[in-house]
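# Structural overview for review
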Amino acid sequence: MSEIQQTKLSIISQLQGLCAHCACGNNRNHRCPVKEISLRIQSLRGVPLVVNSEFKGMLWA
């Protein structure tokens, strides 16, 4: 798994902790703004910026 994917998964897991329903694993349908943000993060595409073998971010297309 690339570092970009690892970073995105880390951000998404931290975001899910902000919603009480999602944090408890409750699969009940609810209007979750955190889920909308998570979907946007998952859809991010770009070119990884690596400097001296260290991931520094992404360049957006």
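Residues numbered from 1 in each chain as written. Predicted model: local features only at pLDDT ≥ 70, side-chain atom pairs only at ≥ 80, totals over all residues. Heavy atoms only, no water.

## With respect to the overall build of the protein
Each helix and strand in the protein was counted, giving three helices and two strands. Relative to a compact globule of 61 residues, whose C-alpha radius of gyration would be 10 Å, the protein shows 14 Å and is clearly more extended. With respect to the principal axes defined by its C-alpha atoms, the protein has extents near 45 × 20 × 15 Å. The 61 residues of the protein split such that 18% are buried. Considering only intrachain contacts with a sequence separation of at least 6, the fraction spanning at least 24 residues in the protein is 31%. (Helix = DSSP H or I, 4+ residues; strand = E, 2+ residues; numbered from the N terminus. Rg over C-alpha atoms; globule rule 2.2 N^0.38 Å. Buried < 20%, exposed > 50% of the residue type's maximum accessible area, 1.4 Å probe, protein only. Contact = heavy atoms within 4.5 Å.)

## As for the pattern of salt bridges
Tallied over the entire structure, the rule returns one salt bridge. The salt bridge partner of Lys56 is Glu54, with a shortest N-O separation of 3.3 Å. (Salt bridge = Lys/Arg side-chain N within 4 Å of Asp/Glu carboxyl O.)

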